[in-house]
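# Results of the structural survey
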Amino acid sequence: MSTSLHVLIPLAASEAEGCRQALSSLRLPNLERLLARLTPAVLDSGPDDSLSPPHERALARHYGLGAADGQIPWAAWQAGEAADGHAWAFITPCHWQVMTDHIVMPHPDSLDLQEAESRTILAAVRPFFEEDGIQLEYVSPTRWLAHSEVFRGLATASLDRVVSGVGARNVDEWMPPTAQAGPLRRLQSEMQMLLYTHAVNDARTERGLAPINSFWVSGAGALPAPPPPVAAPRMPPTLLQAAQFEDWAHWAAAWQHIDASTCAELLAALDQGHKVQLTLCGERNAQSFEALPRSLLQKVSSIFGRQRISTVLEML
């Protein structure tokens, strides 16, 4: 019996000028050969300001989590059986950097937030959340789980959309409307005041680290019944991480590594008769390619009518 292999690649391309320059000289021979043997399948098009980025929409389709923009219930899905039909969300403790006329949020991974610090901050803010009926659970330094009816039907922007890097996004532009998220906005203001002189932040400042002064809500929603379990796709994170830090040299090097490893493995899997699916995601679109039966004419056309990889990626 043949096996099925799905590779999903976030931020395979970006509209950022640095990415376009990197694409102009990028050579990915294995990806080129792979696409010549695969057939374009699902195309998911959307604006670059959608709350759910293409790679999250593609991942949600893979897991059977159909939802409107910004309402993929990732937190309820992670909670599993404990979700029990409740509305859940991810809470990410973060740093908001006030600029001249807007606020940006550095990537939480750049904050070097330690478990002890995160747990201490969680203990300090928990009573304020509980006053609004929001229960918090620690998961990792930059991720807490929360459940409350306030998250039911709430559309939230993915953290990958908001963190500065690709475009240095203005935080306020990605916030849910006050009418829907009034309690959360008030909690953000209260957290800023509470943590302004907190001992954890005093110690972080002494070490030259940014203080934790706010939180971000994402992955909100309810999951009435968990979808049937499916194998997780392979999802190399390196392109997304490099793009978020605007390190386009690292981004190009990461693509070359993926080409030499992952794409080569997919070619070998095709040769062995396995089912292969590749999903390339940009800031606007996600394009899936699958190994489907093709006529001789289609095979010949794919060989002599190949598009440059940069052209394919720029369409994302």
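Reading the values: rules and limits
- Residues numbered from 1 in each chain as written.
- Predicted model: local features only at pLDDT ≥ 70, side-chain atom pairs only at ≥ 80, totals over all residues.
- Heavy atoms only, no water.
- Pairing = 2+ DSSP bridges.
- Helix = DSSP H or I, 4+ residues; strand = E, 2+ residues; numbered from the N terminus.
- Axes fitted to C-alpha atoms, helices over the stretch in contact; angles between N-to-C directions.
- Contact = heavy atoms within 4.5 Å.
- Phe/Tyr/Trp six-rings, centres within 6.5 Å; stacked < 30°, edge-to-face > 60°.
- Buried < 20%, exposed > 50% of the residue type's maximum accessible area, 1.4 Å probe, protein only.
- Lys NZ or Arg CZ within 6 Å of the ring centre and 35° of its normal.
- Disulfide = S-S within 2.5 Å.
- Polar contact = N/O pair within 3.5 Å; in protein donor to acceptor, adjacent residues only side chain to side chain.
- 1 Å grid on protein atoms, 1.4 Å probe; cavity = no way out; pocket = protein on both sides within 12 Å on 5 of 7 lines; lining within 4 Å.
- Points joined across faces, edges and corners; volume = space filled by probe spheres on them.
- Nonpolar A, V, L, I, M, F, W, Y, C, P; charged D, E, K, R; others polar.
- Parallel < 35°, antiparallel > 145°, perpendicular 65-115°, else oblique.
- Left-handed = near helix turned anticlockwise from the far one by under 90°.

### As for the sheet that holds strand β6 (residues 135-140)
Strand order in the open sheet formed by four strands is β6-β7-β3-β8, with antiparallel pairing between adjacent strands. For this open sheet the edge positions go to β6 and β8 (214-222), each flanked by a neighbour on one side alone. When strand polarity is set aside, the average angle formed by the axes of neighbouring strands in this sheet is 25°. As paired elements, β6 and strand β7 (residues 143-147) share five bridges and run antiparallel to each other. Looking at β7, one finds that S140 is bridged to R143. Sheet strands in contact with helix α5 (residues 115-131) are β3 (87-94), β6, β7 and β8, and its direction is about 170° off that of β6.

### Thoughts on the packing of aromatic side chains
Applying the stated criterion across every chain yields a total of five aromatic pairs. Measuring from ring centre to ring centre gives 5.9 Å for W248 and W251, while their planes differ by 70°; the resulting arrangement is edge-to-face. Residue W248 and its partner W251 are located together in helix α10 (residues 248-271), separated by three residues, close to a single helical turn. The exposure classification of W248 matches that of W251, with both residues buried. Three or more aromatic residues link up through ring pairs in this structure, and these residues are Y63, W74 and W77. Over the ring of F90 we find R143, and its NZ or CZ is 3.7 Å from the ring centre.

### Structural notes on the state of the cysteines
Counting across every chain of the model gives zero disulfides. Free of any disulfide, C19 has its nearest neighbouring cysteine sulfur in C281, separated by 14 Å. A relative accessible area of 0% means that C19 is categorised as buried. C263 takes part in no disulfide bond, and the closest cysteine sulfur to it belongs to C281, at a distance of 13 Å. Here C263 falls in the buried class, since its relative accessible area comes to 0%.

### What about the side chain of S148?
Tracing the sequence through the fold places S148 in the loop between β7 and α6 (159-162). By relative accessible area, which is 10% here, S148 ends up buried. At a separation of 3.4 Å, a polar atom in the side chain of S148 contacts the main-chain carbonyl oxygen of G133. Dropping the residues within four chain positions of it, S148 is found in contact with A87, D132, G133 and I134.

### Looking at the layout of surface pockets
Here the largest pocket is characterised by a volume of approximately 840 Å³. Lining the largest pocket we find 34 residues, and of these E56, R143, L159, D160 and L240 sit closest to its centre. Top contributing element to the lining of the largest pocket by residue count: helix α3 (residues 54-63), with four residues. Taken together, the residues of the lining of the largest pocket break down into 15 nonpolar, 15 polar and four charged.

### As for the side chain of R57
With respect to the secondary-structure elements, R57 resides in helix α3. Residue R57 is classed as buried on the basis of its relative accessible area, which comes to 14%. At 2.8 Å, the side chain of R57 forms a polar contact with the backbone oxygen of S52. Ignoring anything within four residues of it in the chain, the contact list for R57 reads D44, S45, G46, S50, S52, I72, R161 and R284.

### A look at the packing of α5 against helix α7 (residues 178-195)
Axis separation between α5 and α7 bottoms out at 11 Å; the angle between their running directions is 140°. Relative to α7, the element α5 is oriented oblique. Helix-helix and strand crossings are classified by hand; for α5 and α7 the assignment is right-handed. For the pair formed by α5 and α7, the contact residues are I121, A124, V125, F128 and F129 on the first element and L187, E190, M191, L194 and L195 on the second. By residue class, the composition of the contact of α5 with α7 is nine nonpolar, no polar and one charged.

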